[in-house]
Number of protein chains: 2
Amino acid sequence: MSATRRRAPGGRDESRPHEPGTPATPVIPEATVARLPVYLRALTALADAGTTTCSSEELATAAGVNSAKLRKDLSYLGSYGTRGVGYDVEYLRYQIAREIGVTQDWPVVIVGIGNLGHALANFSGFRSRGFRIVALLDAAPERQQEEVAGLRVRGFDEVDALVAEHQVAIGVIATPAAAAQAVCDRLVTAGVTSILNFAPTVLAVPEGVDVRKVDLSIELQILAYHEQRKAHAAPIPGEGLDRVEESA
Amino acid sequence: MSATRRRAPGGRDESRPHEPGTPATPVIPEATVARLPVYLRALTALADAGTTTCSSEELATAAGVNSAKLRKDLSYLGSYGTRGVGYDVEYLRYQIAREIGVTQDWPVVIVGIGNLGHALANFSGFRSRGFRIVALLDAAPERQQEEVAGLRVRGFDEVDALVAEHQVAIGVIATPAAAAQAVCDRLVTAGVTSILNFAPTVLAVPEGVDVRKVDLSIELQILAYHEQRKAHAAPIPGEGLDRVEESA
DNA sequence: ACGAGTTTGTTCTCCAGTTCACAAACTCCT
DNA sequence: AGGAGTTTGTGAACTGGAGAACAAACTCGT
Ligand SMILES: NC(=O)c1ccc[n+]([C@@H]2O[C@H](COP(=O)([O-])OP(=O)(O)OC[C@H]3O[C@@H](n4cnc5c(N)ncnc54)[C@H](O)[C@@H]3O)[C@@H](O)[C@H]2O)c1
Ligand SMILES: NC(=O)c1ccc[n+]([C@@H]2O[C@H](COP(=O)([O-])OP(=O)(O)OC[C@H]3O[C@@H](n4cnc5c(N)ncnc54)[C@H](O)[C@@H]3O)[C@@H](O)[C@H]2O)c1
């Protein structure tokens with residue numbers, strides 16, 4: 001792999017201008033950042049299938065996006081393709097993984113080992129995607145007897161020690177909504193600066209802390225809205241040609 | 001509640017122009033549709049706390065958005081506020097629920113009753129948000145002995161009968177990625193027209209079918225990207241003032 | 001009844017992101 | 001070596017959404 005490594009000569013090379021004062025990194029649009037993991041997944045699937053090279057068209061199809069968008073997204077990372085040929089699957093996969101920051105594992109803590117917390121803790125897929133679950137925390141004493149996925153559930157008061165010990169930057173909240181803000185505050189105090197929130201609440205965090213939310217009810221309600229619209233627009237159940245946007 | 005019902009006189013009333021040929025409904029931007037459930041949640045919380053009236057400012061704070069954006073979003077539904085006063089919480093809550101289509105419950109099937117499927121089936125919150133789980137399906141025979149959350153797990157071959165019987169429009173896929181496309185195809189054939197996909201694959205569906213995906217690994221990877229950026233931009237662990245956008 | 005104060009609904013401006021379209025760059029065949 | 005064919009990378013037009021700002025519309029106190 002990596003036949004063309006990064007042709008240093010030629011035109012401009014804007015990889016790391018590091019003049020003192022400028023932020024060095026060329027800034028990637030947020031919409032692109034959100035798609036890079038999808039490309040990474042598609043490339044991994046292609047690599048597993050034995051494909052060594054692919055065109056932007058093929059990769060775009062696999063990722064479920066427009067090929068022009070894909071090319072523009074990749075152009076923010078650099079020129080990793082070869083005109084007339086396409087992209088080296090393994091090389092591009094590595095470059096994206098490096099850009100995202102998942103070439104080595106990130107330690108993660110999960111708080112709230114109930115229904116959802118158990119499922120997350122038992123999920124093996126995180127490991128291969130750049131994450132390692134290092135601690136499971138729960139406030140309920142009866143939970144703390146349990147061992148889930150090879151880890152003993154710890155009391156939430158151990159959060160500071162565990163976060164410090166494993167240098168945890170990313171925390172997952174899977175507690176009831178009522179507890180989420182308090183848990184969030186404690187995590188931030190302990191040193192966590194990125195939070196994935198499953199509880200249906202808006203979390204307030206200090207600047208410098210990232211929050212992303214996953215709310216299944218919201219997703220279902222968005223589907224319900226469009227579903228209602230379909231039913232309303234096409235009263236005849238025979239054939240109703242209404243526009244519906246893909247969103248996979 | 002509902003002090004001002006919908007003042008029919010006055011200016012223009014663009015609620016239902018139903019001229020034959022025009023699509024009747026005034027079209028709500030997709031970005032707004034995605035936020036309506038958040039407003040609904042915030043209003044429910046306010047109502048539970050005993051609040052009867054709120055301003056756009058208060059509601060915006062509760063929902064974690066800009067108040068101008070909130071007002072513009074609500075304006076797509078109609079004029080449900082009163083200038084100088086604000087919004088009637090209960091009334092607005094109902095109007096949004098009606099717009100989304102969750103004034104009555106939507107029947108839902110879940111396919112793949114593994115780690116995640118169990119958690120979803122046991123989650124009680126769907127009911128109060130407009131959804132009723134009517135069937136749990138799994139291909140593995142040993143799963144079909146089980147009873148989860150009061151429902152016996154059914155074989156996937158019963159999908160057609162169950163979807164037809166309960167008039168199911170929404171399906172949830174919680175199977176491994178390898179099975180997801182096949183499961184999706186079968187669901188669509190059975191009559192499902194909206195799919196929530198937890199498997200890390202892009203699903204291909206015919207026009208008229210909506211797909212939304214939830215991918216935890218992608219969410220974590222987006223956090224990892226920003227986390228890496230923070231670490232890179234601020235090498236001194238003391239105090240690094242870098243911009244980070246909220247996203248709750 | 002009227003003016004001061006409040007808050008909505010909407011218009012206008014601006015920006016990020018998407019899509020098109022094509023020159024540049026590469027391969028392969030003759 | 002040169003030309004035909006392929007595919008990338010990107011400039012430019014276009015689209016949708018975000019935010020500021022303000023007039024219209026309401027309440028309340030006098
Ligand atoms: N289960 C699902 O499929 C699902 C779906 C959508 C949303 N959610 C949301 O995910 C969250 C968890 O759902 P669940 O079904 O796992 O709930 P659960 O009640 O089964 O589990 C919650 C766990 O959090 C623990 N907890 C409570 N307060 C805590 C605190 N202050 N500190 C630490 N731990 C604490 C509890 O002891 C319990 O073990 C909820 O907010 C729920 O709304 C869950
Ligand atoms: N568990 C998590 O927290 C988590 C997190 C992120 C993503 N996911 C994704 O969610 C999906 C489910 O995860 P999981 O941990 O529950 O997996 P799991 O292996 O525990 O469960 C999968 C279930 O699907 C059933 N199944 C397999 N093929 C089927 C088919 N053709 N028809 C019907 N049922 C079939 C299996 O019998 C099994 O019960 C996976 O795609 C996974 O990548 C899970």
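Residues numbered from 1 in each chain as written. Chains lettered and ligands numbered in written order. Predicted model: local features only at pLDDT ≥ 70, side-chain atom pairs only at ≥ 80, totals over all residues. Heavy atoms only, no water.

1. Details of the sheet that holds strand S3 (residues 86–88) of chain B
Residues and elements named next belong to chain B. Using the following cut-off: Here, a strand pair is defined by DSSP locating no fewer than two bridges between the strands. The helix count covers DSSP runs of H or I at least four residues long, the strand count covers runs of E at least two residues long, and both are numbered beginning at the N terminus.
As summarised here, the arrangement of the 3 strands in space is S1-S3-S2, forming an open sheet in which the pairing is antiparallel. Each having just a single partner strand, strand S1 (53–54) and strand S2 (81–82) make up the two edges of the open sheet. In this sheet, S3 lies alongside S2 in antiparallel orientation, the contact comprising 2 bridges. Across the sheet, the residue bridging to threonine 82 is glycine 86, located in S3.

2. Re the site of ligand 2
Condition: We call a residue near a given molecule or strand whenever any one of its heavy atoms falls within 4 Å of it. Two N or O atoms form a polar contact when they lie within 3.5 Å of each other; inside protein one atom must be a possible hydrogen donor and the other a possible acceptor, and for residues adjacent in sequence the pair counts only when both atoms belong to side chains. Each accessible area value is a Shrake-Rupley result obtained with a 1.4 Å probe; residue values ignore everything except the protein chains displayed when judging cover. In this count, Pro and Cys sit with the nonpolar residues alongside Ala, Val, Leu, Ile, Met, Phe, Trp and Tyr, while Asp, Glu, Lys and Arg are called charged and the others, Gly among them, polar.
Close contacts around ligand 2 come from 23 residues, with Asn115, Leu116, Asp138, Arg143 and Thr175 of chain B the closest. More than one chain reaches ligand 2: the nearby residues come from chains A and B. Here an oxygen atom of ligand 2 and a backbone polar atom of asparagine 115 of chain B are 3.0 Å apart. Threonine 175 of chain B is positioned such that a nitrogen or oxygen atom in its backbone is 2.7 Å from an oxygen atom of ligand 2. With the chains in place, 82% of the 830 Å² that ligand 2 exposes on its own is no longer accessible. For the shell around ligand 2, the leading source of residues is helix H8 (residues 177–190) of chain B, giving 3 residues. Its residues placed into classes, the shell around ligand 2 shows 17 nonpolar, 4 polar and 2 charged.

3. Thoughts on the sheet that holds strand S7 (residues 151–155) of chain A
All names here are of chain A. What the 7 strands build is an open sheet, ordered S6-S7-S5-S4-S8-S9-S10; its pairing is mixed. Strands with a single pairing partner mark the edges of an open sheet, and in this sheet they are strand S6 (147–148) and strand S10 (210–213). Bridging between strand S9 (residues 194–197) and S10 involves 4 bridges; their strand directions are parallel. Its bridge partner lying in S10, isoleucine 195 is registered against valine 211.

4. Here we look at unusual backbone geometry
All names here are of chain A. For the record, the criterion: For the exposure calls, accessible area comes from a 1.4 Å probe over protein chains only, and a residue counts as buried if that area is under 20% of its type's maximum, exposed if over 50%, partly exposed in between.
Positioned with a positive phi, alanine 149 is a non-glycine residue whose angle comes to about 50°. Given the relative accessible area of 47%, alanine 149 is considered partly exposed. We note that glutamine 167 has phi near 55°; this positive angle belongs to a residue other than glycine. Structurally, the position occupied by glutamine 167 is in the loop between helix H7 (159–166) and strand S8 (170–173). Its relative accessible area of 67% is what places glutamine 167 among the exposed residues.

5. Brief notes about the packing of aromatic side chains
Residue and element names in this part refer to chain B. Inclusion rule: Pairing of aromatic rings covers Phe, Tyr and Trp, the last counted by its six-membered ring, and requires centre-to-centre distances within 6.5 Å; plane angles under 30 degrees mean stacked, over 60 mean edge-to-face, and any other angle means tilted.
One pass over the structure, following the stated rule, counts 4 aromatic pairs over all chains. When the ring of tyrosine 80 is compared with that of tyrosine 91, the centres are 5.7 Å apart and the planes differ by 80°; the resulting orientation is edge-to-face. With a gap of 11 residues between them, tyrosine 80 in the loop between helix H3 (67–75) and S2 and tyrosine 91 in helix H4 (residues 89–100) connect regions that are remote in the sequence. The residues tyrosine 80 and tyrosine 91 share a single accessibility class, namely buried.

6. Description of the nonpolar core
The line we're drawing: To define a nonpolar core, start from buried Ala, Val, Leu, Ile, Met, Phe, Trp, Tyr and Cys residues and group those joined through side-chain atoms within 4.5 Å. Every residue pair with non-hydrogen atoms within 4.5 Å of one another is taken to be in contact.
Core analysis: the biggest nonpolar cluster contains 100 residues, and Ile96 and Phe131 of chain A together with Ile96 and Phe131 of chain B have the highest contact counts within it. Residues in contact with isoleucine 96 of chain B, not counting those within four places in the same chain, are Leu36, Tyr39, Leu40, Leu43, Leu74 and Leu77 of chain B.

On their own, these measurements won't tell you what the molecule is for.
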